[in-house]
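As a plain string of letters, each chain reads:
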Amino acid sequence: MISSTPCGVPSTESAAAGPFEGPGAAAPGPAAPRAQRLLYGRRTGPRLRPARKRLLEELLPRLAITLPADGRLEPRTLFPRPVEGVRLEIGFGGGEHLEAQARAHPELGFIGVEPFLAGVARLLAGIAEHGLDNIRILVDDARLLLRALPDRSIRRIDILFPDPWPKARHHKRRIVNPATAAELARILEPGGELRVATDDPGYGRAMLAALLAEPGLAWTAERAADWRTPWPDRPVTRYEAKARAAGRAPLYLRFLARPQPRSGLA
Ligand SMILES: C[S@@+](CC[C@H](N)C(=O)[O-])C[C@H]1O[C@@H](n2cnc3c(N)ncnc32)[C@H](O)[C@@H]1O
């Protein structure tokens, strides 16, 4: 059964009850800290077309990630064949960017996280149309996945136009913040890449401050053009197109993971 949260009503639930069965293997090693699900905003939209509803009922259970109750989730084990590396997209919306990246890089595995079911259904339609076998999906709060992923297990992370939550009392809902900055740095492979884009200047300043303060990340920008110019190797996302149409100039932030000393080694 697909659970949903009424539009705009905050949902705070225990992390243990993942709603979907699907691939996922708990890796041995240090247990991930216990996490709490924090989802805000809509999870369901207008009534889904029957074909999309069927995809949620029939295809999603085969592609949905089940988070381990404890231990870490080894991301390469999620895919039906060996992959050279794994990339993660947080808040993929309708999944157009994720689908294009997965089609362009069949040698890589892709994890997409999105709690909005209509967006998930749209991505599933693309996966079915193109027969993609390198995308796995978590329909939940990305923070739960971040905490479950092992150190240095992800090659690239994309967070494109995350919800800005402009009111000061809602800033704690923002997905890019000092706590998640540390998790993003922890899960990136050395030299791995983090791409974050926003069209909200206040959120842009806050995310830049949080990411610059994270010692595991190095900002790649050398001049203003580096954060003003869209990355060329991808389609424009839906929210990016809306921002541009409204005359807002997005900020494109690219960070690389610094090599981190291995704990316990001399
Ligand atoms: C403004 S939309 C951007 C969608 C897409 N990336 C784009 O650029 O068109 C932000 C997305 O983040 C998703 N989202 C919100 N909170 C989230 C969370 N905690 N974990 C993962 N995704 C989340 C929302 O459902 C929404 O689809």
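The structure reproduced in this document is the subject of the present report. If you're wondering where the values come from, they're calculated on a predicted model, not measured in any experiment. (Residues numbered from 1 in each chain as written. Predicted model: local features only at pLDDT ≥ 70, side-chain atom pairs only at ≥ 80, totals over all residues.)

### Some details on unusual backbone geometry
Right, on to step 1. With a phi angle near 55°, Phe-161 is a residue other than glycine that sits in the positive phi range.
Right, on to step 2. Within the secondary structure layout, Phe-161 lies in the loop between β8 (154-160) and α6 (178-187).
Right, on to step 3. Here the phi dihedral of Trp-165 falls at roughly 40°; this positive angle occurs in a residue that is not glycine.
Right, on to step 4. For Trp-165, a count of 18 C-beta atoms within 10 Å translates into the label partly exposed. (Helix = DSSP H or I, 4+ residues; strand = E, 2+ residues; numbered from the N terminus. Buried ≥ 20, exposed ≤ 12 C-beta atoms within 10 Å, placed from the backbone.)

### Some thoughts on the sheet that holds strand β5 (residues 86-90)
Right, on to step 1. The strand order across the open sheet formed by seven strands is β7-β6-β5-β8-β9-β11-β10, and the pairing between neighbours is mixed. Strands with a single pairing partner mark the edges of an open sheet, and in this sheet they are β7 (135-138) and β10 (217-219). This sheet shows a mean twist of 20° between the axes of neighbouring strands, independent of strand direction.
Right, on to step 2. Bridging between β8 and strand β9 (residues 188-198) involves six bridges; their strand directions are parallel. Looking at β9, one finds that Leu-160 is bridged to Ala-197.
Right, on to step 3. Of the strands in this sheet, β9, β10 and β11 (251-257) are in contact with helix α7 (residues 201-212), which crosses β11 at around 10°. (Pairing = 2+ DSSP bridges. Axes fitted to C-alpha atoms, helices over the stretch in contact; angles between N-to-C directions. Contact = placed C-beta atoms within 7 Å.)

### Brief notes about the pairing of β11
Right, on to step 1. Pairing between β9 and β11: six bridges, direction antiparallel. Paired with Val-196 across the strands is Leu-253, a residue of β11.
Right, on to step 2. Where β10 lies against β11, three bridges are found, and the strand directions are antiparallel. Across the sheet, the residue bridging to Ala-218 is Leu-256, located in β11.

### As for the environment of Ile-137
Right, on to step 1. Here Ile-137 shows up in strand β7.
Right, on to step 2. A C-alpha to C-alpha distance of 7.7 Å links Ile-137 and Glu-114, two positions 23 residues apart in sequence.
Right, on to step 3. In contact with Ile-137, not counting residues within four places along its chain, are Leu-60, Leu-63, Ala-64, Ile-65, Gly-112 and Val-120.

What is shown is where atoms sit, not what they do.
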